[in-house]
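# Per-entry structural report
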Amino acid sequence: MGDTRVGLVIEDDHDIRELVRVVLTQAGFDVRAASSGAEGVLAAKELDPAVITLDLGLPDIDGFEVARQIRQFSDAYIVMLTARAEELDTLIGLESGADDYLTKPFRPRELRARVAAMMRRPRSTPDLTEEAGSPSAAANEGRKYAHNGLDLSYDSRTVAVDGQELSLTRTEFDLLHALLEAGRMVRTKADLVRRLRDEPYDVGSYISEADERSVEVHMGNLRKKLGDSAQNPRWLQTVRGVGYRLAPAED
Ligand code: CA
């Protein structure tokens, strides 16, 4: 595979598959496609893609199950492509491990922007040729956080709770990092959506209610992995109607 990153399109609709192929090719990916869920899981295993677009309505297994299976072995950025009527279902998709979603018909520009933003966020196994020299990587170098028995190292993209290393998705890691960085300052859900899109916090771009709900789902997943409690949080405190912040330090 060399230096070229692989993008995998899992989609049974020929026209959409070709459209996504064009977008990802233009974004510099070596694009492979699968037209069923089972084929997609196999391809993900073989190709170790950096990005996967996943259709929710596949002929064999549904997109939720495909995401769940791929998440067992891959930290690829998974973006679900769903029909508008399925928008609520996307939350289930995020629970099953997808990072993001777009509703069809989507603008190719939107998909390109999402993928580009995600590729600026490093993966757990840093690709040195990609990260070295990038300003955000340099600024974050050596940044480590410790809070109530949780340790996060930005450099190695690792998180441990009471010395036990956890496996987080890139999105979960970035959300946790954003809260640790903010300290006791509240991060609104819109802030966090912008963070995941690699936009400045105060840019004022439009964030939909569904986007904010997707942050809630990722936070729920993160909470589960950390073994944190929403009622009596050790790390992730919900600020009702606003967003999240870090729970106070324990004595
Ligand atoms: Ca379909």
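Throughout what follows, the structure given in this document is the object of discussion. (Residues numbered from 1 in each chain as written. Predicted model: local features only at pLDDT ≥ 70, side-chain atom pairs only at ≥ 80, totals over all residues. Heavy atoms only, no water.)

This paragraph deals with the environment of Val239. Relative to the helices and strands, Val239 is located in strand β11 (residues 236-239). Aside from chain neighbours lying at most four places away, what touches Val239 is Val186, Tyr244 and Arg245. (Helix = DSSP H or I, 4+ residues; strand = E, 2+ residues; numbered from the N terminus. Contact = heavy atoms within 4.5 Å.)

Here strand β6 (residues 144-147) shows a buried face lined by Tyr145 and His147 and an unburied face lined by Lys144 and Ala146. Summarising the sheet, β6 and strand β7 (residues 150-153) pair through 4 bridges and their orientation is antiparallel. Pairing of Ala146 across the sheet is with Asp151, part of β7. (Buried < 20%, exposed > 50% of the residue type's maximum accessible area, 1.4 Å probe, protein only. Pairing = 2+ DSSP bridges.)

Tracing the backbone shows Arg197 in the loop between α9 (189-196) and α10 (209-226). Discounting chain neighbours no more than four positions away, the residues touching Arg197 are Asp100, Arg114, Ala117, Arg120, Ile207 and Asp211.

An order of β10-β12-β11 is seen for the 3 strands of this open sheet, with the pairing classed as antiparallel. Both outer strands of the open sheet, β10 (187-188) and β11, are each paired with one neighbouring strand and no more. Contacts between helix α8 (residues 170-182) and the sheet are confined to β10, β11 and β12 (243-246), with β12 contributing the most and set at about 60° to the helix. Against the sheet, α10 makes contact with β11 and β12, and its axis sits at roughly 150° relative to β11, the strand it touches most. (Axes fitted to C-alpha atoms, helices over the stretch in contact; angles between N-to-C directions.)

Turning our eyes to something else, we now look at the coordination of the calcium ion. Around a metal, the perfect tetrahedron of four donors has angles of 109.5 degrees, and the perfect octahedron of six donors has angles of 90 or 180 degrees. Those donors, Asp12 (OD), Asp55 (OD) and Gly57 (O), are the protein atoms that reach the calcium ion, and they lie 2.2 to 2.3 Å from it. Read N to C, the donor residues that coordinate the calcium ion are spaced as D-x42-D-x1-G. One end of the pair, Asp12, is in the loop between β1 (6-10) and α1 (14-26); the other, Gly57, is in the loop between β3 (51-55) and α3 (63-71), with 45 residues separating them in the sequence. On the basis of relative accessible area, Asp12 is assigned to the partly exposed category, the value being 35%. In this structure Gly57 comes out as partly exposed when scored by relative accessible area, which is 39%. (Donors = N, O, S within 2.8 Å, 3.2 Å for Na, K, Ca; no water.)

Next up on the list: the packing of α1 against helix α5 (residues 108-119). For the pair α1 and α5, the least separation of the axes is 10 Å and the interaxial angle reads 45°. Of the possible angle classes, the one that applies to α1 and α5 is oblique. As α1 packs across α5, the resulting crossing turns out to be right-handed. Residues Leu19, Val20, Val23, Leu24 and Gln26 of α1 form the contact with α5, whose participating residues are Pro108, Leu111, Arg112 and Val115. (Parallel < 35°, antiparallel > 145°, perpendicular 65-115°, else oblique. Left-handed = near helix turned anticlockwise from the far one by under 90°.)

Spatially, 5 strands are ordered β2-β1-β3-β4-β5 in an open sheet, and the strand pairing comes out parallel. In this open sheet, the two edge strands, each paired with only one partner strand, are β2 (30-34) and β5 (100-104). Averaged over all pairs of adjacent strands, the angle between strand axes in this sheet comes to 20°, irrespective of strand direction. Here 5 bridges tie strand β4 (residues 77-83) to β5, and the two strands are oriented parallel to one another. In the sheet register, Ala83 faces β5, and the bridge partner there is Lys104. Along the sheet, α5 makes contact with β3, β4 and β5, crossing β5 at roughly 175°.

Here α10 contains 18 residues, and its C-alpha end-to-end distance of 26 Å stays within 8% of the 26 Å for a straight helix at 1.5 Å per residue. Among the residues making up α10, those that are buried are Ala210, Asp211, Ser214, Val215, Val217, His218, Met219, Asn221, Leu222, Arg223 and Leu226. At the C-terminal side of α10, Gly227 shows a positive phi close to 70°. (Expected span 1.5 Å × (residues − 1).)

This part is about α1. Along its 13 residues, α1 runs 18 Å from first to last C-alpha, staying within 8% of the 18 Å computed at 1.5 Å per residue. Those residues of α1 that fall on the buried side of the exposure criterion are Ile16, Arg17, Val20, Val23 and Leu24. For α1, the buried positions fall inside an angular range of 130° around the axis, keeping them on one side. Across α1 from its buried face, at more than 90 degrees, point the exposed residues Asp15 and Gln26. On its buried face, α1 is in contact with β1, β2, β3, β4, β5 and α5. Structurally, the start of α1 carries an N-cap: the backbone nitrogen of Asp15 is 2.9 Å from a side-chain oxygen of Asp13. (Arc of directions from axis to C-beta. Polar contact = N/O pair within 3.5 Å; in protein donor to acceptor, adjacent residues only side chain to side chain.)

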